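Report on the structure
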Amino acid sequence: MDKRTSLHGKIRVLVAKAGLDGHDRGAKVIAAALRDSGMEVIYTGLRQTPEMIVEAAIQEDVDVIGISILSGAHMTILPKIKKLMDEKDLDDVLLTGGGIIPEEDISELKKMGVGQIFTPGASTRDIAEYIKKWRSENPRKN
């Protein structure tokens with residue numbers, strides 16, 4: 001078991017709503033499902049900037065950043081978050097997300113280093129299992 005997970009005992013996930021998107025029902029459903037699957041979840045609320053999200057991830061010492069985007073700004077916001085994560089050496093933190101995102105954009109985001117993107121109707125069980133599997137295959141740096 002890696003240092004951070006053993007220290008906290010649980011996978012820590014930051015769930016955030018980036019940009020001007022004002023609908024957070026899906027983010028709250030995902031946060032509750034991840035909690036129910038045994039993860040510790042920090043929900044930052046609405047209208048977070050990429051800088052605020054990455055700073056919160058550092059402060060909260062998370063394993064995963066999960067972004068919910070319905071606004072159509074995913075090709076601006078997710079690459080910006082990934083760039084900030086790279087600048088802060090958060091290469092052992094998973095950036096994942098979900099929302100209304102076209103398949104061609106999902107492919108492009110994955111090429112940039114973003115993890116799996118979940119679209120409406122995705123199983124919360126599948127999301128939790130993806131995070132657990134990713135963490136087990138990508139241990140934290142000491």
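One structure accompanies this document, and this report is about it. Note that the structure is a prediction, hence the values are computed from the model and not measured.

This brings us to the sheet that holds strand β2 (residues 40-43). Sheet architecture is open: five strands sit in the order β2-β1-β3-β4-β5, paired in parallel fashion. The open sheet terminates on both sides in strands that have one partner only, identified here as β2 and β5 (117-118).

Following both chains from N to C, one finds helix α3 (residues 50-60) and helix α4 (residues 74-87) inclined at 40°, their axes separated by 9 Å at the closest point. By the angle between their directions, the pair α3 and α4 is classed as oblique. Considering how the two elements wind past one another, α3 and α4 form a crossing that is right-handed. Here P50, E51, I53 and V54 of α3 lie close against α4, whose contacting residues are I77, K80, I81, L84 and M85. Of the residues in the contact of α3 with α4, the class split is seven nonpolar, no polar and two charged.

What follows covers the layout of surface pockets. Within this model, the largest pocket holds a volume of roughly 410 Å³. What lines the largest pocket is a set of 25 residues, and nearest its centre among them are G26, I30, S68, G98 and G99. Its residues assigned to classes, the lining of the largest pocket comprises 13 nonpolar, ten polar and two charged.

With that out of the way, let us pick up the pairing of strand β4 (residues 94-99). Most of β4 sits inside the fold, with six of its six residues counted as buried. Here β4 shows two buried faces, one formed by L94, T96 and G98 and the other by L95, G97 and G99. Across six bridges, strand β3 (residues 64-69) lies against β4 in parallel orientation. Paired with I65 across the bridge in β4 is L95. Between the parallel pair β3 and β4, the chain is carried across by α4, and the sense of this crossover is right-handed. With two bridges connecting them, β4 and β5 associate as parallel partners.

Rules of the game
Residues numbered from 1 in each chain as written. Predicted model: local features only at pLDDT ≥ 70, side-chain atom pairs only at ≥ 80, totals over all residues. Heavy atoms only, no water. Pairing = 2+ DSSP bridges. Helix = DSSP H or I, 4+ residues; strand = E, 2+ residues; numbered from the N terminus. Axes fitted to C-alpha atoms, helices over the stretch in contact; angles between N-to-C directions. Parallel < 35°, antiparallel > 145°, perpendicular 65-115°, else oblique. Left-handed = near helix turned anticlockwise from the far one by under 90°. Contact = heavy atoms within 4.5 Å. Nonpolar A, V, L, I, M, F, W, Y, C, P; charged D, E, K, R; others polar. 1 Å grid on protein atoms, 1.4 Å probe; cavity = no way out; pocket = protein on both sides within 12 Å on 5 of 7 lines; lining within 4 Å. Points joined across faces, edges and corners; volume = space filled by probe spheres on them. Buried < 20%, exposed > 50% of the residue type's maximum accessible area, 1.4 Å probe, protein only. Right-handed = clockwise from strand over helix to strand, strands pointing away.

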